[in-house]
Amino acid sequence: MRASLCVLLLAVLLAVLLSLAAASTQSFTARVRKAHGHVSNEAERYWPPGHLFHSAVDAPAESVKHWGYEFTNHEENFYGPDSWAEYEPQCGGQKQTPIDLVSSAAQYDCALNSSPLQFTFAELRGNTLVNNGHAVQLNEQPGASQNRVVGGGLPAGVTYQFVQCHFHTASEHTLNGGLGAAELHFVYGNTAGYAFPDARELAVFGVLFKTGRENAALKPLTDALATGALNTVNSATTIASFNISSFLSASASYFTYAGSLTTPGGTTAAPGCRETVTWHVLSEYQEASAAQLELLHKAIGENTNRPVQPLNGRKVRTNVMPATTGGVGAAAGGSVNINFANMFAGLKVAA
Ligand SMILES: [Zn+2]
């Protein structure tokens, strides 16, 4: 009787132990499943699918950082204008572009008119429009372009030839604090080559746009965008002829100053943000329709304008006598107000 009681007690004890063990295993499994699920979700957000379990192989790729225009997100290996200089020191230089162009602070220089800009325009040898992921760009075929420019604020005796043009939305430069809806950059290079460590290397002409009438000269470009052929990175399409002369002219009013490329990236030999650019920015807005401007913006899908940089004592010259215009900015027909909500849409503010 005592023996059978012992067996019964042992059986009960064993049953209790087994059920405890089972409960413990279940709980452990649940914890693992939950943790795994969490890791998996994060992986789907931050890494390409299928790369999670090859960290040794993929470690270098995962550490590659990409520049862009939204504010830095280290978790996504993404750095914005607030951190460009952290990764590419030249972006923290003293002669960076863009800047705010203030008509009352610009220095009228009569030499700009005695030796005006002289453009030579020719049919572009190249009509391929490319979405490079940061901008929509039209390249002249490599070689000696017949589109040339000398004079104005350019270094004396240097001739520049057209290389490419591309868009930013909104504008990069501001005119008297006002932001344009878009800015077109015409990039020219020194005909003697690009091996100059100073403003002799490149000449860039900036044209700011505001919303208004449809711009016929832009139509070859915006019509191509409307087809959707440039909606993905590295996509390209051919366009009808594009006339630089519709945007730039010898009689244009402008600001000129020594600045930089406005994007990081590039190569060791030709880094982004390098301070080798003589800038001319037209002081009057050109117009484009709301539909055209929307197509330009949608091509990249986010704002592509670097915030304005410190002047750091640089001299900004203009070819417009203040007395004859009542202010360079006033001649622009009004500036566009900065939309701060839009500019800082990517900024995450702690509550
Ligand atoms: Zn640009």
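*Asks:* I tried to follow the overall build of the protein on my own but got confused; where do I start?
*Replies:* Regarding its fold elements, the protein presents eight helices and 18 strands. Every one of the 351 residues in the protein was classed for burial, and the buried ones make up 32%. Within the protein, counting contacts between residues at least 6 apart in sequence, those at least 24 apart form 72% of the total.

*Asks:* Sorry if this is basic, but what is going on with the sheet that holds strand β11 (residues 178-179) here?
*Replies:* Two strands in a sheet stick together by hydrogen bonds in their backbones, pointing the same way (parallel) or opposite ways (antiparallel). Pairing is mixed across the open sheet formed by three strands, whose spatial order is β3-β10-β11. Among the strands making up the open sheet, the edge pair consists of β3 (100-101) and β11. As paired strands, strand β10 (residues 174-175) and β11 are joined by two bridges and run antiparallel to one another. Residue pairing across strands places Leu175 opposite Gly178, the latter belonging to β11.

*Asks:* Quick question: what am I supposed to make of the confidence of the model for the protein here?
*Replies:* For the protein, the average pLDDT comes to 79, and 74% of its residues sit at 70 or higher. Low pLDDT, under 50, characterises residues 20-62; the predicted model gives this stretch seven contacts beyond four residues in sequence or across chains. Taken together, the stretch residues 324-351 has pLDDT below 50 and engages in 40 contacts with residues farther than four places along the chain or on a different chain.

*Asks:* When you look at the environment of Trp279 in this model, what are you seeing that I'm missing?
*Replies:* Counting through the fold element by element, Trp279 comes out in strand β16 (residues 277-282). Separated by 21 residues in the primary sequence, Trp279 and Ala258 place their C-alpha atoms 6.1 Å from one another. Residue contacts for Trp279: discarding those within four places in its chain leaves Thr97, Val204, Gly206, Thr256, Tyr257 and Gly259.

*Asks:* Got a minute to help me understand unusual backbone geometry in this structure?
*Replies:* Excluding glycine, residues mostly have negative phi values, and the peptide bonds linking residues are mostly trans. Look at the link from Thr97 to Pro98: it is a cis peptide, with omega at 5°. Looking at where Pro98 falls in the secondary structure, it is placed in the loop between α3 (84-87) and β3. Cis geometry marks the peptide bond from Thr169 to Ala170; its omega dihedral reads -5°. Looking at where Ala170 falls in the secondary structure, it is placed in the loop between β9 (160-168) and β10. Phi angles above zero are rare outside glycine, and Asn176 is one such case at about 50°. Following the sequence through the fold, Asn176 ends up in the loop between β10 and β11. Given 17 C-beta atoms within 10 Å, Asn176 falls into the partly exposed group. Positioned with a positive phi, Cys273 is a non-glycine residue whose angle comes to about 65°.

*Asks:* How should the packing of helix α5 (residues 219-226) against helix α6 (residues 290-300) be read in this particular structure?
*Replies:* Axis angle and axis distance: for two packed helices, these are the angle between their axes and the distance between the axes, and together they describe the pair. Here α5 crosses α6 at 60°, and the two axes come no closer than 9 Å. In terms of orientation, α5 lies oblique with respect to α6. With respect to the hand of their crossing, α5 and α6 are arranged in left-handed fashion. The segment α5 lies against α6, with Thr222, Leu225 and Ala226 engaging Gln292, Leu295, Leu296 and Ala299. Here the contact of α5 with α6 is built from residues that sort into five nonpolar, two polar and no charged.

*Asks:* In this structure, what is going on with the environment of Met321? I would like to understand it.
*Replies:* With respect to the helices and strands, the residue Met321 is situated in the loop between β18 (317-318) and α7 (322-325). Met321 gets classed as exposed once you count the C-beta atoms within 10 Å, which come to 11. Taking the C-alpha atoms as reference points, Met321 and Asp109, separated by 212 residues in sequence, lie 8.3 Å from one another.

*Asks:* Just checking my understanding: could you explain the environment of Val187 for this structure?
*Replies:* Checked against the element boundaries, Val187 lands in strand β12 (residues 182-190). For the pair Val187 and Asn139, spaced 48 residues apart in sequence, the C-alpha to C-alpha distance is 9.7 Å. Sequence-distant contacts of Val187, that is, excluding residues within four places in its chain, are made with Val163, Gln164, Cys165, Leu202 and Val204.

*Asks:* Even after reading the chapter, I still don't get α5, so can you show me in this structure?
*Replies:* Side chains three or four residues apart in an α-helix point the same way, a direct result of the helix having 3.6 residues per turn. Looking only at α5, the buried set comprises Leu221, Thr222, Ala224 and Leu225. Viewed along the axis of α5, the buried residues span an arc of 155°, placing them on a single side of the element. In this fold, the buried residues of α5 make contact with β6 (128-131), β14 (236-238) and α6. The first or second residue beyond α5 is Gly228, which carries a positive phi of 85°.

*Asks:* What's the story with α6 in this structure? I'm lost.
*Replies:* Within α6 the residues assigned to the buried category are Gln292, Leu293, Leu295, Leu296, Ala299 and Ile300. Burial along α6 is one-sided: seen end-on, the buried residues are contained in an arc of 155°. Relative to its buried face, α6 has exposed residues pointing more than 90 degrees away, namely Ala290 and Ala291. Residue Gly301 follows α6 closely and has a positive phi angle near 85°.

*Asks:* Hey, could you run me through the pairing of β16 in this one?
*Replies:* Strand residues, when the strand is regular, have side chains that alternate between the two faces of the sheet. Here β16 lies mainly inside the structure; six of its six residues are buried. Going residue by residue along β16, you find Val277, Trp279 and Val281 tucked away on one face and Thr278, His280 and Leu282 tucked away on the opposite face as well. Relative to β16, strand β13 (residues 202-211) runs parallel, the two sharing five bridges. Note that in β16 the partner of Ala203 across the bridge is Thr278. Of the pairings in the sheet, the one linking strand β15 (residues 254-259) to β16 comprises six bridges and is antiparallel in character. Directly across from Tyr257, in β16, lies its bridge partner Trp279.

Rules of the game
- Residues numbered from 1 in each chain as written.
- Predicted model: local features only at pLDDT ≥ 70, side-chain atom pairs only at ≥ 80, totals over all residues.
- Helix = DSSP H or I, 4+ residues; strand = E, 2+ residues; numbered from the N terminus.
- Buried ≥ 20, exposed ≤ 12 C-beta atoms within 10 Å, placed from the backbone.
- Contact = placed C-beta atoms within 7 Å.
- Pairing = 2+ DSSP bridges.
- pLDDT = per-residue confidence, 0-100.
- Axes fitted to C-alpha atoms, helices over the stretch in contact; angles between N-to-C directions.
- Parallel < 35°, antiparallel > 145°, perpendicular 65-115°, else oblique.
- Left-handed = near helix turned anticlockwise from the far one by under 90°.
- Nonpolar A, V, L, I, M, F, W, Y, C, P; charged D, E, K, R; others polar.
- Arc of directions from axis to C-beta.

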